[in-house]
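Descriptive structure summary
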Amino acid sequence: MCSVDSHSLWPHLSELIVEHIERKVDEVVVSARVRGHRARCRHCGKYSGRVHGRYDRTLADAPVAGAGVVVVLQVRRFRCTNGKCAAVTFTEQVPGVTTPHSRATPLWQDMVARIGLALAGRAGARLAAAIGINCGRDTILRRVRAQPDPPRGEVTVAGVDDFALRKRLRYATVLVDMQTRRPVDVLADRRIGTTQAWLRDHPEVQVVCRDGSAAYAEAINTGAPQASQVSDRWHLWKGLSDATLKEVATHSNCWAKTGPPIREGTRATTTRERWHHVHDLLDRGVGMLECARRLNLALNTVKRYARITEPERLVRAPVYRPTLVDPYREHLRQRRADDPTVGVTQLLKEIKALGYQGSANLLARYINQGRVENDRASISPRRLTSLILTHPDRLTDVQRHLRDELTSACPEMIDLADAVHGFAELLTPSPGNATRLRAWITTVRSSDLPYLHSFTRGLGKDASAVTAALTQPYSNGPTEGHVNRIKMIKRQMYGRAGLDLLRKRVLLTN
């Protein structure tokens, strides 16, 4: 029996008298008893000094030097002196050391919960064993689930978005406080009623940021009618980008004239025939759904053919992948300009001397496709769309010249480039953007850009939220960031034991 000062090694045991420390093979056993002569009843709050009995409690504690620590604590059971108390006897509790019915100290429980939040069950159990904490994966997950939700104040500006639990099968909803940028709750699904119930429980919400989901819009309208809705600017730009790509692909026969010639073949012939069939039926008053049935086409395909005014706009320019011949294109072009009768064999010898490592067939195919005489190498509609959508200051001089050259190929491409530039300016929130947005929509609808017309109709259906997005500083970006964080957590296989475990990880490790 010895008396040891526990303040330096175990500050949380300062309320105990450590009587004996024994180092065993894989653990340290600390024998201790409680200071003081009385205890407070946890039922009525009255102190008592009448000892009814004693017994030992074995508590797991935080490890020391890689060895587990076990505290064998002698505790006393007291008689409650309050005759009105429902408890006849009670056991003394030591703050920071014991909790009712537990076999571990709060410090041990907190360490295990932190390990579980970082690594979940199996990996957490392996790390715990390495640092001297003896516990299984189920214990770790129980400690994580037992953690209380973090305290939160009133949520006046909220963000809402969904994420996949099982892609295309099950989805959940995350809600974020946009002022603190911290998640406040994770709902089990993305049904309208679930989001409605949460919003009704939080009447202090005044603004809700969301994407273009009609389900969330309806849930906000019915669950929080006092709240204004703000659409996400990133999704607005994404919608414009998709429409721009379709318009660029539709006009590929215009901007690709300076590149490879339009490839005539079976696909181009079929495209023209289908266009004539669709428009012949529409001119005779046949509906689009009936056209799709008669021609054995998808309804969306019929709609796409119907909105195109001429079949040539459906025939797209060929897109070539980069080849080994591209670095020697200027040499080939110059040689064929100087001597139009030069043969492929001679050209092959010349570029091989320059370092060409490809085959003769590749060179012949490159020449036969007309890629040598083109003013520039061919680019894809997606690449041209990227040039149109990129801020001019971030383009090189060559890219800027190429974009200007291609977008001036036809009036529609000029209108498209102007429309994209005008909408990009609206994405910086300003009170005057509401008026400028209406003017932008009017201008777009007066041009021959059917895919952008569809985009403007979508803006009209959600006009108030879109206007708020372009005039108010709120954005759903933090919510999208948390969705990406949840995806990373799920890729680490966290949450396989259930949504409740994933919810704790999202709310507590922020």
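What comes next is a walk through the structure. This is a predicted model, so every value here is computed, not measured. Position numbers for residues count from 1 along each chain, tracking the sequence in the order it is written. For this predicted model, a pLDDT threshold of at least 70 governs which residues receive local features, and a threshold of 80 or more governs which side-chain atom pairs are given and counted, while totals over whole chains, interfaces and linings are taken from all residues. Water and hydrogen atoms play no part in the side-chain values, which are based on all heavy atoms of the structure.

Focus: the packing of aromatic side chains
Rules: In this scheme Phe, Tyr and Trp rings, the latter by its six-membered ring, pair at centre separations within 6.5 Å, and the angle between planes marks the pair as stacked below 30 degrees, edge-to-face above 60, and tilted otherwise. By definition, any uninterrupted DSSP run of H or I lasting at least four residues is a helix, any uninterrupted run of E lasting at least two residues is a strand, and each is numbered from the N terminus. We call a residue buried when its accessible area falls under 20% of the maximum for its residue type, exposed when it is over 50%, and partly exposed in between, using a 1.4 Å probe and counting protein chains only.
For the structure on display, the rule yields five aromatic pairs. When the centroid spacing of 6.3 Å and the interplanar angle of 90° are considered together, the rings of Trp440 and Phe455 count as edge-to-face. Of the two residues, Trp440 is situated in helix 16 (residues 433-445) and Phe455 in helix 17 (residues 450-461); the sequence distance between them amounts to 15 residues. Since its relative accessible area comes to 8%, Trp440 is described here as buried. Pairwise contacts between aromatic rings join Phe423, Trp440 and Phe455 into one cluster.

Topic: unusual backbone geometry
Positive phi, close to 55°, is recorded for Ala65, a residue that is not glycine. With respect to the helices and strands, Ala65 occurs in the loop between strand 5 (51-64) and strand 6 (67-79).

Some thoughts on the side chain of Ser447
Spelled out, the test is: In this analysis, two residues are considered to be in contact whenever any of their non-hydrogen atoms come within 4.5 Å of each other.
Mapped onto the fold, Ser447 is located in the loop between helix 16 and helix 17. Once residues lying within four places of it in the same chain are set aside, the contact partners of Ser447 are Asp415 and His453.

Observations regarding the pattern of salt bridges
Pairing is possible between side chains that carry opposite charge, provided their charged atoms lie close to one another. Short version of the rule: In what follows, salt bridge is the name for a side-chain nitrogen of Lys or Arg lying within 4 Å of a carboxyl oxygen of Asp or Glu.
Summed over the entire model, instances satisfying the criterion amount to 16 salt bridges. A salt bridge links Asp242 to Lys238; the shortest N-O distance between them is 3.1 Å. Within this pair, Asp242 and its partner Lys238 are both found in helix 5 (residues 233-250), separated by four residues, close to a single helical turn. Under the relative-accessibility criterion, Asp242 is labelled partly exposed at 33%. A relative accessible area of 37% means that Lys238 is categorised as partly exposed.

Here we look at the nonpolar core
Quick note on the threshold: What makes a nonpolar core is a set of buried Ala, Val, Leu, Ile, Met, Phe, Trp, Tyr and Cys residues whose side-chain atoms join them at distances within 4.5 Å.
By size, the foremost hydrophobic cluster in this structure holds 57 residues, and its most contacted members are Phe163, Leu384, Phe423, Leu437, Trp440 and Leu459. When residues of this core are assigned to their parent elements, the largest contribution, six residues, is made by helix 15 (residues 411-426). Setting aside chain neighbours within four positions, we find Trp440 in contact with Leu240, Ala419, Gly422, Phe423, Leu426, Phe455, Thr456 and Leu459. If you look at the next biggest cluster of nonpolar residues, it comprises 16 residues, including Val30, Ala32, Leu59 and Val75.

Side note on the sheet that holds strand 12 (residues 228-231)
Put simply, the rule is: Two strands are counted as paired when DSSP detects at least two bridges linking them. Simply put, an axis is a line fit to the C-alpha atoms, just over the touching stretch for a helix, and the angle between two N-to-C directions goes from 0 to 180 degrees.
Spatially, the five strands line up as an open sheet ordered 10-9-8-11-12, and their pairing is mixed. Taken across any chain shown, the strands that pair with only one partner, and hence form the sheet edges, are strand 10 (182-187) and strand 12. Adjacent strand axes in the sheet meet at a mean angle of 30° when their direction is disregarded. As judged from the four bridges shared by strand 11 (residues 207-210) and strand 12, these two strands associate in the parallel manner. In the strand pairing of strand 12, Val208 is matched with Gln229. On the sheet, helix 18 (residues 463-471) packs against strand 11 and strand 12 and is oriented at approximately 70° with respect to strand 12.

Things to note about the layout of surface pockets
To find leftover empty space, one rolls a probe the size of a water molecule over the atoms. Rule in force here: Using a 1 Å grid laid over the protein atoms alone, points where a 1.4 Å probe fits but cannot get out form a cavity; open sets with protein on both sides within 12 Å along at least 5 of 7 lines form a pocket; any residue with an atom within 4 Å of a point counts as lining. Grid points are joined across faces, edges and corners, and a volume is the space filled by probe spheres set on the points. Following the grouping adopted for this structure description, the nonpolar residues are Ala, Val, Leu, Ile, Met, Phe, Trp, Tyr, Cys and Pro, the charged ones are Asp, Glu, Lys and Arg, and the polar ones are all others, Gly among them.
When its volume is computed, the second largest pocket comes out at roughly 390 Å³. Forming the walls of the second largest pocket are 16 residues, and the residues nearest its centre are Ile388, Thr390, His391, Pro392 and His421. Secondary-structure elements contributing two or more residues to the lining of the second largest pocket are helix 13 (381-389), helix 14 (397-407) and helix 15. With six residues, the top contributor of residues to the lining of the second largest pocket is helix 15. Residues that form the lining of the second largest pocket fall into these classes: seven nonpolar, four polar and five charged.

Some words on helix 17
Stated precisely, the cut-off is as follows: An expected span of 1.5 Å times one less than the residue number is assigned to each helix.
In this model helix 17 runs 17 Å from its N-terminal to its C-terminal C-alpha over twelve residues, within 8% of the 16 Å that 1.5 Å per residue would give. Of all the positions in helix 17, only Pro450, Tyr451, Leu452, His453, Phe455, Thr456 and Leu459 are classed as buried. Where helix 17 is buried, its residues meet helix 5, helix 9 (299-307), helix 15, helix 16 and helix 18.

Notes on the pairing of strand 6
Working note: regular strand, side chains alternate between the two faces of the sheet. The pairing of strand 2 (residues 27-34) with strand 6 spans seven bridges and is classified as parallel. By the bridge assignment for strand 6, Arg33 is matched with Gln74. Of the pairings in the sheet, the one linking strand 5 to strand 6 comprises eleven bridges and is antiparallel in character. Across the sheet, the residue bridging to Asp61 is Val69, located in strand 6. Here strand 5 folds back onto strand 6, and the loop between the two strands holds two residues, one of which, Ala65, carries a positive phi near 55°. Here strand 6 runs beside strand 7 (residues 89-91); their pairing, made up of three bridges, is antiparallel. Paired with Phe78 across the strands is Phe90, a residue of strand 7.

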